Amino acid sequence: MSCQAELLAAWHEHLAVSRRRSPHTVRAYRTAAQRLLQGLQLSHWRDVAELTSARLRHHLAQRRAEGIGNASAARELSAIKAFVSFAKAQVGDSDTAPPRMRGPRIKKGLPRPVTPDDAAGLADEVASLAREDWIGARDRAVVLLMYGAGLRIAEALSLTAGDVPLGPVLRITGKGGKERAVPILPVVREAVAAYHKANPWPLEASDLLFRGAKGGALSQGMVQKAVAQARRVMGLPSTATPHALRHSFATHLLGAGADLRSIQELLGHASLGSTQIYTKVDAASLLDAYRSTHPRERGD
């Protein structure tokens, strides 16, 4: 096994096993690290740990020359910074912070649902950026509840310790006291269970499940702050908010063929009119796809 292969294998294991990142994130971060090692001809952890911002900028400039856009460049920078931090830890540096570099500016656009990959990436990124592992597990669980189950922030934060372990279906009380049944995906159940196990604060069954760093109830503002930090690192637009994850849940269901009445029930909307906005969002996404792929629109 070559030295580069050994570095990549260790990086892969760290992401997949130690940090429990999604397969998509592991693949993307490993590929970014591989490009870095090959592009700069690095073979040892010390080589990576001692990279300067100038060399990293040169590497990213090469990637931009290959035609990647601002969002892709921002994601690549995020992956490279994480890899450099890991390299510093491997060689025993006391300061594992990567070189300070600003990512490319991302143009603000019309609100759009995040892609499934970006939603998974956000869940992983909020966990990666947390200062403690249990806080990372907490933030990941909350993000997955919003995207994987379509919960509002307040609904996710209303869960109690007695709700764990989550079953295949969760009964949640939303706006106006309206109760609904929400299917819970295995990945969401596992994330909530992982947080509950890692949580250092003792909880009674009636206590709110999600806790702040000092043991109090987790606030909506802290969730919004964590998501904002993660989206900046990933190069996502400012429209990638916690509430956008709930919108994405509905839009992706609609795109997969779910009917509006079912989506209305899952979201807890009082009227079908509130749900019909997703037909417009999905149509906008379809138009974007048409413009980027149809031969006449591309000028082929």
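Since the structure is predicted, the reported quantities are computational estimates derived from the model, not experimental observations.

Cut-offs and rules
Residues numbered from 1 in each chain as written. Predicted model: local features only at pLDDT ≥ 70, side-chain atom pairs only at ≥ 80, totals over all residues. Heavy atoms only, no water. Salt bridge = Lys/Arg side-chain N within 4 Å of Asp/Glu carboxyl O. Helix = DSSP H or I, 4+ residues; strand = E, 2+ residues; numbered from the N terminus. Buried < 20%, exposed > 50% of the residue type's maximum accessible area, 1.4 Å probe, protein only. Core = buried A, V, L, I, M, F, W, Y, C linked by side-chain atoms within 4.5 Å. Contact = heavy atoms within 4.5 Å. Pairing = 2+ DSSP bridges. UniProt positions renumbered as here; feature names shortened; annotations may be inferred. Polar contact = N/O pair within 3.5 Å; in protein donor to acceptor, adjacent residues only side chain to side chain. Phe/Tyr/Trp six-rings, centres within 6.5 Å; stacked < 30°, edge-to-face > 60°.

> Can you break down the pattern of salt bridges residue by residue, with the values?
Following the criterion strictly, the structure yields 10 salt bridges and no others. For the salt bridge of Arg75 with Asp118, the shortest nitrogen-to-oxygen distance reads 3.2 Å. Taken together, the positions of Arg75 in helix H5 (residues 70-90) and Asp118 in helix H6 (residues 116-129) put the pair 43 residues apart, joining distant regions of the chain. Overall, Asp118 belongs to the buried group, its relative accessible area being 12%. Residues joined by salt bridges that share partners form a network here, namely Arg35, Arg63, Glu66 and Glu76.

> Lay out the nonpolar core with the relevant residues and their values.
Val142, Leu145, Leu151, Phe210 and Leu245 are the most contacted members of the largest nonpolar core, which has 43 residues in total. With 11 residues, the single largest contributor to this core is helix H7 (residues 133-149). Among residues more than four places away in sequence, those in contact with Val142 are Ala156, Leu157, Phe210, Leu218 and Val223. Judged by nonpolar contacts, the second largest core, of 26 residues, contains Leu7, Ala32, Ala79 and Met101.

> For the environment of Trp45, give the residues involved together with the corresponding values.
By the secondary structure assignment, Trp45 is in helix H3 (residues 45-49). Residues Trp45 and Ala87 lie 42 residues apart in sequence; the distance between their C-alpha atoms is 5.3 Å. Each residue touching Trp45, except ones within four places of it in the same chain, is listed here: Leu7, Ala10, Phe83, Phe86, Ala87, Gln90 and Val91.

> Help me get a handle on the pairing of strand E1 (residues 169-173), residues and values and all.
Burial of the side chains of E1 is restricted to one face: Leu170 and Ile172 are buried, whereas none of Val169, Arg171 and Thr173 on the reverse face is. When E1 meets strand E2 (residues 179-183), the two strands line up antiparallel, connected through five bridges. Counterpart to Ile172 in the pairing with E2 is Arg180.

> I'd love a proper account of the UniProt feature "active site" (unreviewed entry) in the chain, names of residues and values included.
The feature "active site" (unreviewed entry), as given by UniProt, occupies Arg152, Lys175, His243, Arg246, His269 and Tyr278 in the numbering adopted here. With respect to the secondary-structure elements, Arg152 resides in the loop between H7 and helix H8 (153-157). Classification of Arg152 by relative accessible area gives buried; the value is 12%. Among the polar contacts made by the side chain of Arg152, one reaches the side chain of Glu155 at a distance of 2.5 Å.

> An account of the environment of Gly167 is requested, with residue identities and associated values reported.
Counting through the fold element by element, Gly167 comes out in the loop between H8 and E1. A relative accessible area of 28% places Gly167 in the partly exposed class. Sequence separation between Gly167 and Leu185 is 18 residues; the distance between their C-alpha atoms is 9.2 Å. Leave out the neighbours within four places in its chain, and Gly167 touches Ile184 and Arg189.

> Give me the lowdown on the side chain of Arg63, citing residues and values where you can.
Following the sequence through the fold, Arg63 ends up in helix H4 (residues 53-65). Looking at Arg63, the relative accessible area reads 11%, which means it is buried. With residues up to four places along the chain from it excluded, the contact list for Arg63 reads Arg35, Ile68 and Glu76.

> Lay out the packing of aromatic side chains with the relevant residues and their values.
Using the criterion set out here, one finds six aromatic pairs in the structure. Ring centres 6.5 Å apart and planes at 20 degrees place the aromatic pair Trp11 and Tyr29 in the stacked group. Of this pair, Trp11 sits in helix H1 (residues 3-18) while Tyr29 is found in helix H2 (residues 23-40), placing the two residues 18 residues apart along the sequence. A relative accessible area of 1% means that Trp11 is categorised as buried. Among the residues examined, Tyr29 registers a relative accessible area of 10% and is labelled buried. The interplanar angle of 25 degrees and the centroid separation of 5.1 Å between the aromatic rings of Tyr195 and Phe210 together place this pair among those described as stacked. Of the two residues, Tyr195 is situated in helix H9 (residues 186-198) and Phe210 in the loop between H9 and helix H10 (220-234); the sequence distance between them amounts to 15 residues. Judged by relative accessible area, Tyr195 falls into the buried class, the value being 0%.

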